[in-house]
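# Residue-level structural notes
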Amino acid sequence: MSDFASQVALITGASRGIGRKIAESFAVAGAEVVFASRNLPAIESAVEELRNGSYQARALVLDVSNPEQVKEAIAKVLEQVGKIDILVNNAGITRDSLLLRMKWEDWREVLSVNLDGIYSVTREILPSMLRQRYGRIINITSVVAQMGNAGQVNYVSSKAGIIGFTKALAREVGARNVTVNAVAPGFVETEMTQGLDEKNRRQLQEMIPLKRIGTVEDVAFGVRFLASKEAGYITGHVLNINGGMYM
Ligand SMILES: NC(=O)c1ccc[n+]([C@@H]2O[C@H](COP(=O)([O-])OP(=O)(O)OC[C@H]3O[C@@H](n4cnc5c(N)ncnc54)[C@H](OP(=O)(O)O)[C@@H]3O)[C@@H](O)[C@H]2O)c1
């Protein structure tokens, strides 16, 4: 396991699901971890669990879709922890429906959290990474950004945008030793995917060469790899963690 001692990692959407597992996996690998989400009780309880195990963690209330709040919250946390070496832009939502039935609000809300959120959070954290000439930014996209998915034009557009953002920013900041990569999970068991009925779930599983749904651990492992010092020559990459669903 890579050693993240004396590094600080901030994970957005760390209250549950993939984000929470990513945050925990950095903490157990020695990093000081900032759990960020809108839900203070949820992140506080995750942080407390880790602190009880003598790991370093803190909670940060953060609504990624609110640029003013992001600015204030990131400035405050940077003052407290001194630096952020690893940023994982994980917060994301879905508001699914076919385009002809999709309301403008559902289109805007998904783009505002999934894509505008990455802009705001990264913009506030990047200057400190550039100054210290070290940083690892990992953006969570999705297999559907590569395949498309009926009923998700808003979500798929946001996730495809994240891939573009990743590659463009990787070119901007590489000279300062800041890497920017994306992780594209396939279908992962979390609250986000709970709506799928048994029949669809079985059909989906059949389509996946590895014949199983992904776990939050599968994704957290890939993120931690890209954040490691050893992955320092990887930038602008999209790492598929999808059981072979798309290749
Ligand atoms: N599950 C999958 O199959 C799958 C597949 C591909 C990609 N992904 C991506 O993986 C990421 C995590 O998904 P998940 O399945 O773990 O979803 P989840 O269980 O629904 O968790 C979503 C997380 O995002 C946070 N969030 C939502 N809106 C936010 C906002 N405005 N500001 C800050 N945080 C916000 C939530 O925190 P609060 O509600 O506490 O704020 C929560 O922690 C998402 O980007 C998702 O698109 C998931």
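Residues numbered from 1 in each chain as written. Predicted model: local features only at pLDDT ≥ 70, side-chain atom pairs only at ≥ 80, totals over all residues.

Our focus in this paragraph is the overall build of the protein chain. Across its full length, the protein chain holds 8 helices and 7 strands. Compactness check: the protein chain gives a C-alpha radius of gyration of 17 Å against a globular reference of 18 Å for 247 residues, within 12% of the reference. Dimensions along the principal axes, computed over C-alpha positions, put the protein chain at roughly 50 × 40 × 35 Å. Relative to its 247 residues, the protein chain shows a buried fraction of 43%. Taking the contacts inside the protein chain whose residues are at least 6 apart along the sequence as the reference set, 73% of them involve residues at least 24 apart. (Helix = DSSP H or I, 4+ residues; strand = E, 2+ residues; numbered from the N terminus. Rg over C-alpha atoms; globule rule 2.2 N^0.38 Å. Buried ≥ 20, exposed ≤ 12 C-beta atoms within 10 Å, placed from the backbone. Contact = placed C-beta atoms within 7 Å.)

Below, the discussion takes up the packing of helix H3 (residues 67–81) against helix H4 (residues 104–132). One can describe the packing of H3 onto H4 by two numbers: an axis separation of 9 Å at closest approach and a directional angle of 30 degrees. Taken together, H3 and H4 sit at an angle that is classed as roughly parallel. Of the two possible hands of crossing, H3 and H4 adopt the one that is right-handed. Every residue of H4 that contacts H3 at Pro 67, Val 70, Lys 71, Ile 74 and Leu 78 is listed here: Ser 120, Val 121, Glu 124, Ile 125 and Ser 128. (Axes fitted to C-alpha atoms, helices over the stretch in contact; angles between N-to-C directions. Parallel < 35°, antiparallel > 145°, perpendicular 65-115°, else oblique. Left-handed = near helix turned anticlockwise from the far one by under 90°.)

This part takes up the environment of Met 245. Residue position: Met 245 is located in the segment after strand E7 (238–241). As for Met 245 and Ile 163, which are separated by 82 residues in sequence, their C-alpha atoms are 18 Å apart.

Inside soluble globular proteins, nonpolar side chains tend to come together where they are buried. Counting residues in hydrophobic clusters, the biggest one holds 66 residues, and the most contacted among them are Ala 9, Ile 11, Ile 22, Phe 26, Val 33, Phe 35 and Val 223. If you tally residues by element for this core, the top one is H4, at 8 residues. Among residues more than four places away in sequence, those in contact with Val 223 are Ile 22, Val 88, Ile 138 and Val 183. (Core = buried A, V, L, I, M, F, W, Y, C linked by C-beta atoms within 7 Å.)

Taken together, 30 residues sit near the ligand, with Gly 13, Gly 17, Arg 38, Asn 39 and Gly 92 positioned nearest. Per-element accounting of the shell around the ligand gives the leading share, 3 residues, to helix H1 (residues 17–28). By residue class, the composition of the shell around the ligand is 13 nonpolar, 13 polar and 4 charged. (Near = placed C-beta within 6 Å. Nonpolar A, V, L, I, M, F, W, Y, C, P; charged D, E, K, R; others polar.)

The next thing to look at is the environment of Glu 230. Among the structural elements, Glu 230 can be located in the loop between helix H8 (216–227) and E7. For the pair formed by Glu 230 and Gly 53, sequence separation is 177 residues and the distance between their alpha carbons is 27 Å.

Our focus in this paragraph is unusual backbone geometry. A positive phi angle is found at Ser 6, which is not glycine, with a value near 65 degrees. With respect to the element layout, Ser 6 can be found in the segment before strand E1 (8–12).

This part takes up the packing of H1 against H8. H8 packs onto H1 with a crossing angle of 50 degrees between their chain directions and a minimal axis gap of 8 Å. Accordingly, the angle class assigned to the pair H1 and H8 is oblique. In this structure, H1 meets H8 at a crossing whose hand is right-handed. Here Gly 17, Ile 18, Lys 21, Ile 22, Ser 25 and Phe 26 of H1 come into contact with H8, specifically with Val 216, Glu 217, Val 219, Ala 220, Val 223 and Arg 224. Considering only residue class, the contact of H1 with H8 consists of 7 nonpolar, 2 polar and 3 charged.

We now examine the confidence of the model for the protein chain. Overall, the prediction assigns the protein chain a mean pLDDT of 97, with 99% of residues at 70 or greater. Element-level pLDDT for the protein chain is lowest in helix H7 (residues 198–207), with a mean of 91, against a maximum mean of 99 in strand E5 (residues 135–140). (pLDDT = per-residue confidence, 0-100.)

Regular strands place side chains that alternate from one sheet face to the opposite one. With 5 bridges connecting them, strand E2 (residues 32–37) and strand E3 (residues 57–61) associate as parallel partners. The residue of E3 that forms the bridge with Phe 35 is Ala 59. What joins E2 to E3 is helix H2 (residues 40–52), and the crossover it makes is right-handed. (Pairing = 2+ DSSP bridges. Right-handed = clockwise from strand over helix to strand, strands pointing away.)

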